[in-house]
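As a plain string of letters, each chain reads:
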Amino acid sequence: MENPLKVLELYSGIGGMHYALLDGGYANAEVVCSIDISPAASLVYKHNFPCTTHCERSIEGFSAEDFDRMGFNTIMMSPPCQPFTRLGLQKDVDDPRSRSFLHLMKLLPAMQSPPNYILMENVKGFENSKAHELFCKVLKQLGFSVVEFLLSPKQFGIPNSRLRYYLLAKHNQKEFPDEVNQLGKVFDDIPLCLKRFCNNTGSKENPTKTLEQFLEEPSSISDEYGLPEKTLLRYLNVMDIVNPVSKSSTCFTKSYGYYAEGTGSVLNTGSTLDMSNVLANKLRYFTPTEVANLMCFPEQFSFPDGFTRKQKYKLLGNSLNVYVVSCLLKFLVT
Ligand SMILES: C[S@@+](CC[C@H](N)C(=O)[O-])C[C@H]1O[C@@H](n2cnc3c(N)ncnc32)[C@H](O)[C@@H]1O
């Protein structure tokens, strides 16, 4: 990597991509601009990155000239996933939430100096969409090489599932290793050439961590995180119950703590792991800090005062695993 990374962070949310950039420790790297339309996400972003130029606007309002003026050489982005989620309507490019991404596909070819690198995250399902087909076509026309992955933090030794689609694109003068130069293949394992950039892949030498390493001090957790008996009795069969020594937890979604089914694991902090008398155990939700820990956000990440639990889970549920993106970014730019 010859020039410092100058990143345009699109759909920046609470800044997961920014933290992944910082995690790489690149000399003189910076986010030159972050863009997100959500006032709540923007507040959290500005709270954690007060020195970054942040635009609380729609990407649809930007022109190719605006982008050229920003002087970035890298785009990191997580476009809205609702048009592609397997449980949603999958309206794909006909979903109004795809408009800004389609707009971006028009901006890239119109730029005087398009970026050298693009890193994109989305949900599983994106790889089969029309939007995917169109985006890959634009990238090909512009002379990018593309590598695609479907990966979960569990493959990186982190006890949390979050299967996501990742696209890495670099300009043709910079080729990917031969091992991954397989047109159209979406890698669902970690190829050797990517492993080089990850400290932990849940191997024998570096086994998957247990959840206790991601938990807050029990004394600092208020009773509000306890599961109400009513919820417990009603949803026991569909809940994923884990304990501090577990090596897995399910994906925390934006509805965690609100809907019981399929939104994230709950924690048994009781002294017995025997679930035959579940009410004797102490089941609680993971706190937002614990969810952020499992998503590998750094300790210094925080929410501004006044954010509710529900808002925090929602914003975290929309975000990404910082460590996974950090490994992919290193692989992309090295
Ligand atoms: C999947 S989330 C991004 C998560 C982000 N990477 C993070 O770490 O939090 C998608 C984001 O896109 C934003 N968004 C949706 N439509 C947008 C648009 N037209 N322009 C700008 N931001 C938009 C949403 O507000 C949301 O924060």
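What counts and what doesn't
- Each chain has its residues counted from 1, running along the sequence as written.
- Under the rules for a predicted model, residues below a pLDDT of 70 receive no local features and side-chain atom pairs below 80 are neither given nor counted, while totals for whole chains, interfaces and linings still include all residues.
- Side-chain metrics in this entry use all non-hydrogen atoms of the structure; hydrogen atoms and water are not considered.
- UniProt positions are given in the numbering used here, feature names are shortened, and annotations may be inferred rather than shown by experiment.
- Between buried and exposed lies partly exposed: a residue is buried under 20% and exposed over 50% of the maximum accessible area for its type, with that area taken using a 1.4 Å probe on protein chains only.
- Every helix listed is a DSSP run of H or I at least four residues long, and every strand listed is a run of E at least two residues long, numbered separately from the N terminus.
- The contact rule is simple, with two residues in contact once any of their heavy atoms fall within 4.5 Å.
- Working rule for helices: expected span equals 1.5 Å times residues minus one.
- In protein, a polar contact requires one atom able to donate a hydrogen and another able to accept it; more generally it is a pair of N or O atoms within 3.5 Å, and residues adjacent in sequence count only if both atoms are side-chain atoms.
- Where helices are involved, their axes are fitted lines through C-alpha atoms of the stretch in contact, as for all axes, and angles between N-to-C directions lie from 0 to 180°.
- An angle below 35 degrees is read as roughly parallel, one above 145 as roughly antiparallel, one from 65 to 115 as roughly perpendicular, and any other as oblique.
- In this count, Pro and Cys sit with the nonpolar residues alongside Ala, Val, Leu, Ile, Met, Phe, Trp and Tyr, while Asp, Glu, Lys and Arg are called charged and the others, Gly among them, polar.
- Two rings belonging to Phe, Tyr or Trp (six-membered ring only in the last case) form a pair when the distance between their centres is within 6.5 Å. Interplanar angles under 30 degrees mark stacking, angles over 60 mark edge-to-face geometry, and anything in between is tilted.
- Segment limits for the domains were obtained from an automatic or database-derived domain assignment.
- Accessible area that two parts lose when put together, with a 1.4 Å probe and added across both, is what the buried area reports.
- We count a salt bridge whenever a side-chain nitrogen from Lys or Arg sits within 4 Å of a carboxyl oxygen from Asp or Glu.

Naming follows an unreviewed UniProt entry, where the chain appears as tRNA (cytosine(38)-C(5))-methyltransferase of Ciona savignyi. The UniProt entry for the chain carries the following text under Sequence similarities (unreviewed entry): "Belongs to the class I-like SAM-binding methyltransferase superfamily. C5-methyltransferase family."

Peer 1: Looking at this structure, I do not really get helix α1 (residues 16-23). What am I missing?
Peer 2: Owing to its 3.6 residues per turn, the α-helix aligns residues three or four sequence positions apart on the same side. Across the eight residues that make up α1, a large majority, six, are buried. Within the span of α1, buried status applies to G16, M17, H18, Y19, A20 and L21. Residues of α1 that are buried sit in contact with β1 (6-10), β2 (30-35), α2 (39-48), β4 (74-77), β5 (117-123) and α10 (322-333). The positive-phi residue at the C-terminal boundary of α1 is G25, with phi of around 60°.

Peer 1: Looking at this structure, I do not really get the UniProt feature "active site" (unreviewed entry) in the chain. What am I missing?
Peer 2: Taking the numbering used here, the UniProt-annotated feature "active site" (unreviewed entry) corresponds to C81. Mapping C81 onto the fold places it in the loop between β4 and α4 (99-110). For C81, a relative accessible area of 23% gives the class partly exposed. Sequence-distant contacts of C81, that is, excluding residues within four places in its chain, are made with N122 and V123.

Peer 1: Even after reading the chapter, I still don't get α10, so can you show me in this structure?
Peer 2: Look at α10: 16 Å from first C-alpha to last across twelve residues, which is about the 16 Å you get at 1.5 Å a residue. Among the twelve residues that make up α10, eleven are buried, leaving the element largely enclosed by the rest of the structure. The complete set of buried residues in α10 reads V322, Y323, V324, V325, S326, C327, L328, L329, F331, L332 and V333. Next to the buried residues of α10 lie α1, β4, β5, β6 (144-151), β7 (164-171) and α6 (192-195). For α10, the N-terminal capping position is held by N321, with its side-chain oxygen 3.0 Å away from the main-chain nitrogen of Y323.

Peer 1: How should I be thinking about the packing of α4 against helix α5 (residues 130-141) in this particular structure?
Peer 2: Packed helix pairs are specified by the crossing angle of their axes together with the interaxial distance, meaning the distance between the axes. One can describe the packing of α4 onto α5 by two numbers: an axis separation of 10 Å at closest approach and a directional angle of 10°. It follows from the interaxial angle that α4 and α5 lie roughly parallel. In this structure, α4 uses F101, L102, M105, L108 and P109 to contact α5, whose residues at the interface are A131, L134, F135 and V138. Its residues assigned to classes, the contact of α4 with α5 comprises nine nonpolar, no polar and no charged.

Peer 1: Explanation requested: the packing of aromatic side chains in the structure shown.
Peer 2: Each aromatic ring pair is summarised here by two numbers: the centre-to-centre distance and the angle between the ring planes. For the coordinates displayed, the defined rule picks out 23 aromatic pairs. When the centroid spacing of 4.8 Å and the interplanar angle of 50° are considered together, the rings of Y19 and F49 count as tilted. Of the two residues, Y19 is situated in helix α1 and F49 in the loop between α2 and β3 (54-55); the sequence distance between them amounts to 30 residues. By relative accessible area, which is 7% here, F49 ends up buried. Their ring planes at 40° and their centres at 6.0 Å tell us that F62 and F67 sit as a pair that is tilted.

Peer 1: What is the right way to read the domain arrangement of the chain from this model?
Peer 2: Accessible area lost on assembly of the parts is the figure often given for the size of an interface. The domain architecture assigned to the chain consists of domain 1 (6-201 + 320-333) and domain 2 (211-315). Centre-to-centre separation of domain 1 and domain 2, based on C-alpha positions: 28 Å. Listed by partner, the interface residues are 21 residues for domain 1 and 21 residues for domain 2. Summed over both partners, the interface of domain 1 with domain 2 comes to about 1,800 Å²; 65% of that surface belongs to carbon and sulfur atoms. For the pair domain 1 and domain 2, the interface holds zero salt bridges. Between the two partners, domain 1 and domain 2, sit eleven residue pairs in polar contact (both at pLDDT 80 or more). For the side of domain 1 that touches domain 2, the elements supplying multiple residues, two or more each, are α1, α2 and α10. Counting residues per element, the side of domain 1 that touches domain 2 draws most heavily on α2, which supplies six residues.

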